Amino acid sequence: MFSRLRRILVSDRVSTPSEERPRTRQHNIFEAAATYVSACAEDDQRQIDESSGWVSPEALSFGVSELACRAVIALARERDESPQTVARSLLGLPAA
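This is a predicted model, so every value here is computed, not measured.

Caption draft 1: View of the packing of helix 2 (residues 29-41) against helix 3 (residues 45-52). Their axes nearest at 8 Å, the elements helix 2 and helix 3 cross at an angle of 160°. As the angle between them shows, helix 2 and helix 3 are arranged roughly antiparallel. Helix 3 is crossed by helix 2, and the crossing has left-handed handedness. Two secondary-structure elements touch here, helix 2 through Ala-32, Thr-35, Tyr-36, Ala-39 and Cys-40 and helix 3 through Gln-47, Ile-48, Ser-51 and Ser-52. Considering only residue class, the contact of helix 2 with helix 3 consists of five nonpolar, four polar and no charged.

Shown next as structure tokens:
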């Protein structure tokens with residue numbers, strides 16, 4: 001179970017035997033998500049492509065979702081508004 005969870009949370013993309021495996025840095029899902037989202041905001045396709053390969057698509061999706069939740073909560077506290085109001089505002093939706 002833990003090995004499966006580790007594969008989801010941390011990319012292990014090199015398929016060569018461990019003794020031949022080059023020393024590459026492994027990235028966690030939150031680092032991948034932060035880099036991916038900031039690259040999207042800056043329209044940096046090279047960084048988008050690179051960071052999207054650091055972890056599985058499912059892990060990246062989870063990381064991006066977690067980042068979105070944390071960002072909305074932080075903005076809601078800063079603005080003294082509800083998270084729903086902030087999220088709808090960020091997406092250009094009318095108030096509920």
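Right, picking up where we left off after that structure.
Caption draft 2: Spotlight on the pattern of salt bridges. Taken as a whole, this structure holds two salt bridges when the rule is applied. One salt bridge connects Arg-46 with Glu-50, and the closest N-O pair in it is separated by 3.0 Å. On the criterion of helical spacing, the pair formed by Arg-46 and Glu-50 is a turn pair, its members being four residues apart in helix 3. Note on Arg-46: relative accessible area 53%, which makes it exposed. Of the residues examined, Glu-50 reaches a relative accessible area of 36% and is grouped as partly exposed. A salt bridge links Arg-70 to Glu-66; the nearest nitrogen and oxygen atoms lie 3.0 Å apart.

Rules behind the numbers
Residues numbered from 1 in each chain as written. Predicted model: local features only at pLDDT ≥ 70, side-chain atom pairs only at ≥ 80, totals over all residues. Heavy atoms only, no water. Axes fitted to C-alpha atoms, helices over the stretch in contact; angles between N-to-C directions. Helix = DSSP H or I, 4+ residues; strand = E, 2+ residues; numbered from the N terminus. Parallel < 35°, antiparallel > 145°, perpendicular 65-115°, else oblique. Left-handed = near helix turned anticlockwise from the far one by under 90°. Contact = heavy atoms within 4.5 Å. Nonpolar A, V, L, I, M, F, W, Y, C, P; charged D, E, K, R; others polar. Salt bridge = Lys/Arg side-chain N within 4 Å of Asp/Glu carboxyl O. Buried < 20%, exposed > 50% of the residue type's maximum accessible area, 1.4 Å probe, protein only.

Note that every value here comes from positions in space, so none of it alone points to a role or purpose.
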